[in-house]
Amino acid sequence: MKGFNLSEWTLQHRSLVWYIMLVSLVAGVMAYFSLGRAEDPSFTIKTMIIGGSLPGASVTETQKQVTDRIEKEMEELDELDFTRSVTMPGQAIVYVELLPTTPAKDIPRIWQRVRNMMNDVRGEFPSEFGGFQFNDTFGDVFGNIYAFTADGFSPRELRDWVEKVRARIHQLPDAGKVDMFGERDERIYLEFSPRRLAALGLDQEKVLNTLSAQNAIAPSGVINAGPERILVRVGGQFSSEESLEAVNLRVGDRFFRLADVASIRRGYVDPPSELFRYDGKDAIGLAIGMRDGANILEFGEELETAIAAAKAELPIGIDIHQVADQPAVVDDAVGHFVQALAEAVAIVLLVSFISLGFRAGFVVTLTIPLVLAITFMVMLAYGIDLQRISLGALIIALGLLVDDAMIAIETMIARLELGDNLEKAASYAWTSIAFPMFSGTLVTVAGFIPIGLNNSNAGEFTFSLFVVIAVSLLVSWIAAVLFAPLIGVTVLPKELKHAHQGPGRSRRAFQSILLTAMRHRWLTIATTVLLFAASVVGMAFVQQQFFPSSDRPELIVDVTLPQNASIAGTSDTIERLESFLAEQDEALFFSSYIGTSAPRFLLSYDVQTPGPYMGQIVIQTPSVEARNTLKAKLDSLGEKQFPGADIFVKLLEVGPPVGRPIQYRISGPDIETLRDRARRLASLLGSQDRLSNVAMDWNEPARVVRVDIVQDKARQLGISGRDIAGALQAIFDGNTVTALRDDIYLVDIVARGQAKERKSVESLYNLQITGESGEPIPLSSFATFRFDTEPPLIHQRSRQPTVTVQALIASREQPATVVKALEPTIAAFEEDLPPDYKIAIGGVVESSEESQAPIVAVVPLMAVTMLTLIMLQMQSFRLMFIVLCAAPPGLIGVVAALLPSGTPLGFVAILGVLALVGILIRNSIILVQEIEVLRLGGASRWDAVFKASDSRARPIALTAAAASLALIPIARQIFWGPMAVAMMGGIIAGTAVTLLFIPALYLAVFRVPREAR
């Protein structure tokens, strides 16, 4: 660079630059302590739930009249990826899934548009339609969950105390949503006997209308008595179950007490829609979210204080147990990451001191905290927390950000050895290598463009990697040309002794190898090409992965029974698992969710559709080793002792949730044909040795009693289908008559049949319906009964009935490997499917492809950016070709590292490989630029290649050592391990490529004749 010299300017304004450095350090330290903490970065859950009800409808009627109408309307949503739905009798649940590339900032606007669209078509639904329910907070996270258990207290009394604690927590300034779950609403049940009502000549509907009218709240007027207003109040409302017992019913001239014709009892919702237990004991849960933008560690301290105060007020017998403690998890996780960062810093410093000596190493050392401090300030400004991805990015960047400082100090030392004074030596780097360093830095940053512009969920998850690395690398260049010269002038001696000693043993060895590679250029090139070809072949044997499982110690057990199972049956199954867990030392505690899944205590947690046939147990273990041991026990237990249930034991996931790793979706128009083909596909997968625990998300039929009405007889008796359905509903499910107002609660008063009639099919035959004349008429006199089956629920995807066949992997293979091996088998099965039926791959493979597709889409932009930067620097097509050829051979080291170690190539590792491209090109840019500088200075091409490669060998090797060794602390982590292994292998191989292959290629491209040395 000619003209202005930033390094020279620095030396002319030393006090100002020292001031900038000191302020940057202080501000960086303050920014570090102000940064938010998180275990993982957030990503937007681009899912909304639309619910709809059609009371009394069959599953098929609900699917056609509600589900299909909702899904059809959603097809007009521009941002829609697909819809998936679960339809049950009288109820539809539709999940609206947006395209992964939908910007997070647009989500609220889209959800409002969905509401508007559904309100616009409300009139097209049947008159019996019960309306929509919208849930656009599906992705809300409740990082703190508490379980309240009681000994000697009723569920209502326990709930009252939990409400008090809930109110206390709501007062915390950083508290977000606070949801209570597992509570059982109170009910007052009026259990009638239809026979007794008929014998007394009572019409149940009239009885219920009488009760409802008596308990109604209605205005009764105001008396304006001159200057005073006097309110009039009519009494008689029910105050307790005793007041119900005292109600008198009149039939003709006779009066009957309500208690004479119905048993009245106060209890809880029966059957419950969901249950919650802690260590096998009934409990009420409190799920606590945090306000957006709050510091989770500070909120954790506030919450801990509030819970401690609540515990002090609770009576003996009520206990609080913490089920999920995200602040503690974050504190521990960030602590481990910071420790890894400190270890990486120590490694880089050690490399600097050993390789450069104390003084030069000290100069490089001082630039590291400066770069980190400024990076922390930028992170704070952009709202990037300290979490798994951002801290990992800092560790990756560490080995790269010292490169510029090393080059600057190496150049300064070289000029001092040539006799320059400190000031001239310090400013020389700007005129010689500042622009090549800057171009190389930009090329390295360009290698991370696919991460920065990947707008999928996985891309959003890893976005901070791009920001942190880009900022730290750009700041490292500024530090190298602005701060390093001043520090070097201050620390380095004015003169360096032994400046003209000959090369050492290691350098002479490298020179000999370099000369051999140059003299046998075509052999060097051929060897590199063959090794690259071998690595391409070997890449086919490297297993593919999406995201690894989490390293958290929790274990999740999904329990799914046949879809016609009752919640009592599900509770019994989970109770058997709880008995087993209570005896296991590996289980510290466990929480059970019956009829639902756990609240989303982690963003990547997979929340399932609730239903009476399913449940979940979340188990806390002391360590990853204990977790894996317990998982093996539960897997064996599920296979041997729970043959009728689907017991899926899984780990928490990092990144977007997937579920079972192997999934195939089979879709088609006819449900019966679809179910048959799905069973065949499940049988086919079950015969594969690679797979285990094969299951379908729905298939089993449910028994149905069909009441066929003889319409002529019914009309003759003045009875309609609505009358019959209402009578059956009143007996088996019950009708809400009115509500008892009890403090802050509304206790529904529900009329239903007695237990022996509700739970017996035979009661249908004996049921009597009140006719038009008021006389009881046996139902069997104008109706026939028959047993049949129908699906208890229907799953759809994009309006097509769809069965998902899922499986676990029985071996150590990765999902992509298994799916590829099954391709011929699945293809042959699909060929035999009827027209309009198809199979799609789901699970890990689908999620991985969806996340990688945006990367592939952005790679051309990355390539163009790199090519433009290289051309601006090189301004020669041949030189650009040489520089670009440094990147592909990096695959040699990647495969050589992954294949023998059995490490899979996952999503994060792919990002590392892309970043490796920029790193290798950066080194080759600086090398080739130095060759050209020497050549233009009068050296022959041969000598220029040799001298440039020889002089660049030390800084390139040092950078490679720093970059690869800095990855050691994260190489042992489950999440970062594959990326660290891939990058270490690629950097080491890339060093050899840059120092041997690039010189040989340069000689070949320019047809440089061999010279003797």
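Parameters and conventions
Within any chain, residue numbers begin from 1 and follow the written order of that chain's sequence. pLDDT decides what is reported in this predicted model: residues at 70 or higher carry local features, side-chain atom pairs at 80 or more are listed and counted, and totals for whole chains, interfaces and linings draw on all residues regardless. With hydrogens and water stripped out, all remaining heavy atoms of the structure feed into the side-chain values. Only DSSP runs of H or I covering at least 4 residues are called helices, and only runs of E covering at least 2 are called strands; the numbering of each starts at the N terminus. Think of it in three bands: with a 1.4 Å probe and only protein chains considered, a residue is buried below 20% of the maximum accessible area for its type, exposed above 50%, and partly exposed in between. What makes two residues a contact is simply this: any of their non-hydrogen atoms within 4.5 Å. Counting rule for charge: Lys and Arg are taken as positive, Asp and Glu as negative, and neither His nor the chain ends is counted. In plain terms, the charge of a residue is placed at NZ if it is Lys, CZ if Arg, CG if Asp and CD if Glu. Like charges within 9 Å and nonpolar side chains (Val, Leu, Ile, Met, Phe, Trp, Tyr) within 5 Å are joined into patches, using only residues over 30% in relative accessible area that form no salt bridge. Method for areas: the Shrake-Rupley scheme with a 1.4 Å probe, in which residue coverage is limited to the protein chains shown. Between Lys or Arg on one side and Asp or Glu on the other, a salt bridge is scored when a side-chain nitrogen of the former is within 4 Å of a carboxyl oxygen of the latter. Only buried residues count toward a nonpolar core. Its members are Ala, Val, Leu, Ile, Met, Phe, Trp, Tyr and Cys residues joined through side-chain atoms within 4.5 Å. Note that the domain bounds reflect an automated or database-derived domain assignment. Between N-to-C directions, angles span 0 to 180 degrees; the directions come from axes that are lines fitted to C-alpha atoms, helices contributing only their stretch in contact. Note on terminology: angles under 35 degrees are roughly parallel, angles over 145 are roughly antiparallel, angles of 65 to 115 are roughly perpendicular, and the others are oblique. Only Asp, Glu, Lys and Arg are considered charged, only Ala, Val, Leu, Ile, Met, Phe, Trp, Tyr, Cys and Pro nonpolar, and every remaining residue, Gly among them, polar. Throughout, the protein atoms alone are placed on a 1 Å grid, and a set of points is a cavity if a 1.4 Å probe fits but cannot get out or a pocket if it is open with protein on both sides within 12 Å along at least five of seven lines; lining residues have an atom within 4 Å of a point. Grid points are joined across faces, edges and corners, and a volume is the space filled by probe spheres set on the points. One bridge is not enough; two strands pair if DSSP finds at least two bridges between them. Pairing of aromatic rings covers Phe, Tyr and Trp, the last counted by its six-membered ring, and requires centre-to-centre distances within 6.5 Å; plane angles under 30 degrees mean stacked, over 60 mean edge-to-face, and any other angle means tilted. Both a distance and an angle decide whether a charge sits over a ring: NZ of Lys or CZ of Arg must be within 6 Å of the ring centre and within 35 degrees of the ring normal.

Draft legend 1. Inspection of the overall build of the protein chain at higher detail. For the protein chain, the count of helices and strands is 34 helices and 30 strands. Per-residue burial for the protein chain yields a buried fraction of 55% across its 1013 residues. Taking as baseline every contact in the protein chain between residues at least 6 positions apart, the subset at least 24 positions apart corresponds to 80%. Distance from the positive charge centre (88 side chains) to the negative charge centre (109 side chains) of the protein chain: 7 Å.

Draft legend 2. How the structure looks around a nonpolar patch on the surface. Among the surface-exposed residues, L16, Y19, I20 and V23 lie close enough to one another that they form a single nonpolar patch of about 350 Å² accessible area. Relative to the assigned elements, I20 resides in helix 2 (residues 14–34).

Draft legend 3. Molecular detail of the nonpolar core. One finds L465, F601, I619 and L634 to be the most contacted residues of the largest nonpolar core, which totals 250 residues. Looking at this core, the element that brings in the most residues is helix 17 (residues 457–491), giving 22 residues. Formed jointly, this core draws a minimum of three residues from each of two domains, domain 2 (506–541 + 876–1012) and domain 3 (554–701 + 794–843). Here F601 is in contact with V141, F142, G143, I145, A324, Q326, R552, I556, V618 and L652, once residues within four sequence places are set aside.

Draft legend 4. Summary view of the packing of helix 32 (residues 941–965) against helix 34 (residues 977–1005). One can describe the packing of helix 32 onto helix 34 by two numbers: an axis separation of 10 Å at closest approach and a directional angle of 175 degrees. Judged by the angle between their axes, helix 32 and helix 34 are roughly antiparallel. Note on element contacts: helix 34 touches helix 32 through M984, I987, T991, T994, L995, P999, Y1002 and L1003, opposite R941, W942, V945, S949, R952, A953, I956, A957, A960, A963 and S964. Split by residue class, the contact of helix 32 with helix 34 holds 13 nonpolar, four polar and two charged.

Draft legend 5. Focus on empty space enclosed by the protein. In this structure the tally under the stated criterion is six cavities of 30 Å³ or more. The computed volume of the second largest cavity comes to approximately 70 Å³. Considering the residues around the second largest cavity, the lining is formed by L400, D403, D404, T441, T444, L473, S476, I919, R922, N923 and T959. Secondary structure elements with two or more residues in the lining of the second largest cavity: helix 13 (388–417), helix 15 (434–446), helix 17 and helix 31 (907–936). In terms of residue class, the lining of the second largest cavity is made up of three nonpolar, five polar and three charged.

Draft legend 6. Seen up close, the sheet that holds strand 24 (residues 745–753). Reading across from one edge, 12-7-24-23 is the order of the four strands in this open sheet, with mixed pairing throughout. The open sheet has two edge strands with one neighbour each: strand 12 (262–268) and strand 23 (735–742). The mean angle between the axes of side-by-side strands here comes to 25 degrees, regardless of whether they run parallel or antiparallel. The pairing of strand 7 (residues 186–192) with strand 12 spans seven bridges and is antiparallel. Counted as the bridge partner of E186 is Y268 from strand 12. Of the strands in this sheet, strand 7, strand 12, strand 23 and strand 24 are in contact with helix 5 (residues 155–170), which crosses strand 24 at around 155 degrees. Against the sheet, helix 24 (residues 721–732) makes contact with strand 23 and strand 24, and its axis sits at roughly 115 degrees relative to strand 24, the strand it touches most.

Draft legend 7. How the structure looks around the pattern of salt bridges. Going through the model one piece at a time under the given rule, you end up with 38 salt bridges. Note that R277 is salt-bridged to E578, the shortest N-O span being 3.1 Å. Highlighted residues: R277 in strand 13 (residues 275–278) and E578 in helix 20 (residues 567–581), separated in sequence by 301 residues. Each member of the pair, R277 as well as E578, carries the same accessibility label: buried. The structure contains a network of salt bridges with shared partners spanning R706, D708, R786, D788 and E790.

Draft legend 8. Structural view of the packing of aromatic side chains. A complete count under the given rule lists 15 aromatic pairs for this structure. When the centroid spacing of 4.9 Å and the interplanar angle of 40 degrees are considered together, the rings of F601 and Y605 count as tilted. Three or more aromatic residues joined by ring pairs form one cluster here, namely F125, F129, F132 and F134. The ring of F125 is capped by R69, whose NZ or CZ atom sits 6.0 Å from the centre of that ring. Above the plane of the ring of W161 lies K164, whose end atom (NZ or CZ) is 4.2 Å from the centre.

Draft legend 9. Structural view of the pairing of strand 16 (residues 554–560). Most of strand 16 sits inside the fold, with six of its seven residues counted as buried. Relative to strand 18 (residues 614–620), strand 16 runs antiparallel, the two sharing seven bridges. Across the sheet, D558 pairs through a bridge with Q616, a residue of strand 18.

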